[in-house]
Amino acid sequence: MKKLIIFLIICLFSISSVGCSYSVYAKKEKKEKKVKTEIIAHRGADDRAPEETMSAFKLAVKDKADFLEMDLRETKDKKLVLMHDPTLNRTTNGKGDVSRFTLKQLKKLDAGSWFNRKYKNERIITLEELINRYGSNTKYFIETRRVNNKLKMEEPLVKLLNKKGLIKKKKVVIQSYSAMSLQKIHKLNKSVPLVQLTLFKSKKEFTDKKLKEWKKYAMGIGVDSKLVDKKLIDKMHKNNLKLYVFFLNDKKEKSEQKRVINAGADGVFTNYITYTKSLTKSSK
Ligand code: G3P
Ligand code: CA
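Parameters at a glance
- One numbering rule holds for all chains: residues counted from 1, following each sequence as written.
- Here the convention is simple: chains get letters from A, ligands get numbers from 1, in the order in which they are written.
- For a predicted model such as this one, the threshold for reporting local features is a pLDDT of at least 70, and the threshold for listing and counting side-chain atom pairs is 80 or more; totals across whole chains, interfaces and linings nevertheless cover every residue.
- Side-chain metrics in this entry use all non-hydrogen atoms of the structure; hydrogen atoms and water are not considered.
- Coordinating N, O and S atoms are those within 2.8 Å of the metal (3.2 Å for Na, K and Ca), and as water is not part of the atoms, a site may appear to have fewer donors than expected.
- All geometry calls rest on donor angles, where a four-donor set with angles between 85 and 135 degrees is tetrahedral, four- and six-donor sets with opposite donors more than 155 degrees apart and all others between 65 and 115 are square planar and octahedral, and all else is irregular.
- Only protein chains enter the area calculation, which uses a 1.4 Å probe; residues under 20% of their type maximum are buried, those over 50% are exposed, and those in between are partly exposed.
- What goes into a patch is any residue over 30% in relative accessible area without a salt bridge, connected to like charges within 9 Å or, for nonpolar side chains (Val, Leu, Ile, Met, Phe, Trp, Tyr), within 5 Å.
- The method behind every accessible area is Shrake-Rupley, applied with a 1.4 Å probe, and residues are considered shielded solely by the protein chains displayed.
- By definition here, a salt bridge exists when the distance from a side-chain nitrogen of Lys or Arg to a carboxyl oxygen of Asp or Glu is within 4 Å.
- A helix here means a DSSP run of H or I that spans at least four residues, while a strand means a run of E at least two residues long, and both kinds are numbered starting from the N terminus.
- pLDDT is defined as a per-residue confidence score from the predictor, taking values between 0 and 100.
- Contact definition: two residues touch when any of their heavy atoms are within 4.5 Å.
- Axes here refer to lines fitted to C-alpha atoms; in helices the fit is confined to the stretch in contact. Angles between the N-to-C directions go from 0 to 180 degrees.
- Roughly parallel here means an angle under 35 degrees, roughly antiparallel means over 145, roughly perpendicular means 65 to 115, and every remaining angle is called oblique.
- Definitions for this section: a left-handed crossing has its near helix turned counterclockwise from the far helix by less than a right angle. A right-handed crossing has that turn clockwise.
- All residues other than Ala, Val, Leu, Ile, Met, Phe, Trp, Tyr, Cys, Pro, Asp, Glu, Lys and Arg, Gly among them, are scored as polar; the first ten of these are nonpolar and the last four charged.

Draft legend 1. Main features of the coordination of the calcium ion (ligand 2). Here the calcium ion (ligand 2) is held by E69 (OE), D71 (OD) and E143 (OE), and the distances to it run 2.2 to 2.4 Å. Each of the six donor atoms around the calcium ion (ligand 2) contributes to a set of angles spanning 57 to 158 degrees, which defines the coordination as irregular. With relative accessibility at 2%, the residue E69 sits in the buried group.

Right under this line is the structure:
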């Protein structure tokens, strides 16, 4: 009898240890399956060089960011330049609306000293100049906006990307707060991956109706980190949408990046490329 009890205890112990090693393995397996979070260099490496300049993008390419993020503006002579603000005041020694100047006039401006005197020779660049420099050696996350409330940049943008072969080579994503801009691009070329940027104030605004609407033209959405958590990410994934995170609160960006990457964000618009790389390595 005593032998039987000892035999039963040994059997029970071995079954439980096999079970727990399997669950540890399964957890590790699932974790490993986690899709990598894309590192999207917000306005280039704008922590170390003046945003949206060739120096900022050069650093981001050197750091092997997955994407270069940039903002388009249209000049008076219809050129597509890289500039976040609608005016020149913050990031150049010029003043006034970008759309009121020709490219030639803009090229005379100093687009680097505001950041650091050593960048005094930086100039405003066109999207074409950036693509001519890096071509398909990097990927482009391009933000469109309406020009004086009109949809003017979509056609020249799609034409340029087609000419450079970047759509065919899957090297570009276009993002916008303007649904109309994205819908126009979708009509022009359905194979361009699109991301609908949002500025909602509450998670409740991400209704099934909204998601269904976005799904008609976009593959993903952009959301400020304060609204992002695992529940929202899972909801997007269930609706076959990716979720990309930007950080309106610069001061909290690093801690927020850690949180949203661990929650499963598909990409982050980072102002700190090397920091984000350290997180995505450890979040496996
Ligand atoms: O494009 C994503 C993110 O950059 C949106 O915010 O204002 O930096 O263009 P903003
Ligand atoms: Ca942007």
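Once you've had a look at it, read on.
Draft legend 2. Main features of a nonpolar patch on the surface. Side chains of Y177, L199 and L248 sit close together on the surface and give an oily, nonpolar patch of about 290 Å² of accessible area. The topology assignment puts Y177 in the loop between β5 (172-176) and α6 (179-188). Classification of Y177 by relative accessible area gives partly exposed; the value is 34%.

Draft legend 3. Local environment of the confidence of the model for the chain. Summing up the model confidence of the chain, the mean pLDDT is 91 and the portion of residues at 70 or higher is 87%. Confidence, expressed as mean pLDDT per element, reaches its minimum in the chain at helix α1 (residues 2-33) with 53 and its maximum at strand β4 (residues 140-144) with 99. Within the model, the stretch residues 18-27 combines pLDDT values under 50 with zero contacts to residues more than four positions away or in other chains. Within the model, pLDDT remains below 50 along residues 29-33, and this stretch shows one contact once partners closer than five positions in the same chain are excluded.

Draft legend 4. Structural detail: the packing of helix α4 (residues 127-134) against helix α5 (residues 154-163). Remark: α4 packs on α5, axes separated minimally by 11 Å, with the N-to-C direction vectors making an angle of 15 degrees. Between α4 and α5, the crossing angle belongs to the class labelled roughly parallel. The two elements α4 and α5 meet at a crossing, and its hand is right-handed. Where α4 abuts α5, its residues L127, E128 and I131 lie against L157, L160, L161 and K163. Of the residues that constitute the contact of α4 with α5, the class distribution is five nonpolar, no polar and two charged.

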